[in-house]
Amino acid sequence: MPALTRRAIGAAALGLSAATLIRPAAAAEKVTYLFPAPSFLPAFVPHHLAQQRGYFRDEGVEVAFQLGRGGADVAKQVALGNAEIGGGSGDTSMIVRANGLPVRAVALLGGGSLYQVATRRDRNIRSLADLRGKKIGVIAFQDTGYYALLGALAGSGIAKNEVQIQAVGPAGMVQLMVSGSLDGITATPDWADNIETAGTAIDYHELAQVFPSMAQAILTSDRMVHDRPAAVRGVVRGIMRGVKACMDDPASAARDFCRAVPQQAGKEVEIERILRRYVTQVYPPRPGTDLGKFDPQRLALIQKSYMDNGVIQEAVPVQDLYSNEFV
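Residues numbered from 1 in each chain as written. Predicted model: local features only at pLDDT ≥ 70, side-chain atom pairs only at ≥ 80, totals over all residues. Heavy atoms only, no water.

Colleague: If you had to explain the pattern of salt bridges to someone new, which residues and values would you point to?
Modeller: For the structure on display, the rule yields 20 salt bridges. The residue Asp 203 makes a salt bridge to Arg 121 at a minimum N-O spacing of 2.9 Å. Within this pair, whereas Asp 203 is found in strand S9 (residues 202-205), its partner Arg 121 is found in the loop between strand S5 (116-120) and strand S6 (135-138), the two being separated by 82 residues in sequence. Arg 121 gets classed as partly exposed once you look at its relative accessible area, which sits at 44%. Note that Arg 276 is salt-bridged to Glu 272, the shortest N-O span being 2.9 Å. (Salt bridge = Lys/Arg side-chain N within 4 Å of Asp/Glu carboxyl O. Helix = DSSP H or I, 4+ residues; strand = E, 2+ residues; numbered from the N terminus. Buried < 20%, exposed > 50% of the residue type's maximum accessible area, 1.4 Å probe, protein only.)

Set out below in C-alpha cells:
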C-alpha cells in the first residue's frame, strides 16, 4: 500500500476516533415528579438526595419536582398524563385503578407503614377502638393517609360517620394537634416528631394491628411503563439510591437535604432525628422481601380489606397494581 494512502487511512481513522470521543452523551430523559405533599417535608429526603447528589443524572433522567394534592390526586394526574411519575403510598393504585385510572406502583419505599394514628395523651385514647366520636385530622381527602385511616377504622369495627374526620392540610396536622383542636391524626414520622418537639405528649396506635398499611410508593401510568421504561427505571433507581443512602448514613443525608431545601436550612439535628425514625420504622424491608419490591400477597390482603369494608367498590387483578421490574 502506498505510504500516502496509508497516511490518509490513518488520518481518517484518527479523525473517527476523535469524533467518537467528543460525541455528546445521550440527552437525559425529562420527567415531572409530582409530590403528594410539600416537597420540603423530611418524608422526601430520598428524592432530594437523588437530585442533589446526582443519582438521577447517573440514571439518565432529568427530574422536575412539582406539588400535587395528596396521593390519590397525584395518581389521577399521572393517569391523565399531567405528570409522568409521582408519589403516593403502596395501596394508592388499587384505590384509583378501581375507578378506571390505569396507574400502578413501581417501587415501595420500605417495608413498614408510613402512617400511625397519633393521639393526644390527655384524651385518654387507649386503642383505635376508642376513636369513636373523636376529631381525627388527615392531610386531605384525596390523600392515601385518609384511606389508610378508613381501613384502620373499619378493621376496628368503627364506621366512618362515627368519627369526625377533618382534612386540615400539612400545617394543620401539627398546629391543630398542639393547640388541642384535634384529638389525633394519621401521623407520619415527620409530624409526630414536630408535635412532640412542641411539648405535646402523644400516644401511637399501630395501623398494622388492624390494617396492613404500607410505606410511600412511586406511581406511574401503564402508558409510561410501556412507552418510556428507561425513564421510569431511572427515577425509581435514583430514589431508591436515596433511600439506601438514608439508611446507611442518616446524618450525612440530613446535612445534604438541609443544604438542598431552603426551608430546612439550619435544621440538621431535627431532620436527622426524624430521618432515624424512618430508618427504623419505615424503610427496612419486610423479612423475605427486597428493598423497593412489592409483595403481591400483601397487596391482595389490603385490597380484600378495602373491599370488605366498602373503601373501594371493585377489586382489580393484583398483578395490575404494581411492577417490580424497575427496582
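Colleague: Summarise empty space enclosed by the protein; cite the residues concerned and give the values.
Modeller: Taken as a whole, this structure holds two cavities of 30 Å³ or more when the rule is applied. One number sums up the size of the largest cavity: a volume of about 150 Å³. What lines the largest cavity is a set of 15 residues, among which Pro 36, Ala 37, Phe 44, Leu 114 and Tyr 115 lie closest to the centre. Classifying every residue of the lining of the largest cavity by side-chain character gives nine nonpolar, four polar and two charged. A volume near 70 Å³ is recorded for the second largest cavity. Taken together, 14 residues form the lining of the second largest cavity, with Leu 108, Gly 110, Gly 111, Thr 289 and Lys 293 sitting closest to its centre. By residue class, the composition of the lining of the second largest cavity is five nonpolar, four polar and five charged. (1 Å grid on protein atoms, 1.4 Å probe; cavity = no way out; pocket = protein on both sides within 12 Å on 5 of 7 lines; lining within 4 Å. Points joined across faces, edges and corners; volume = space filled by probe spheres on them. Nonpolar A, V, L, I, M, F, W, Y, C, P; charged D, E, K, R; others polar.)

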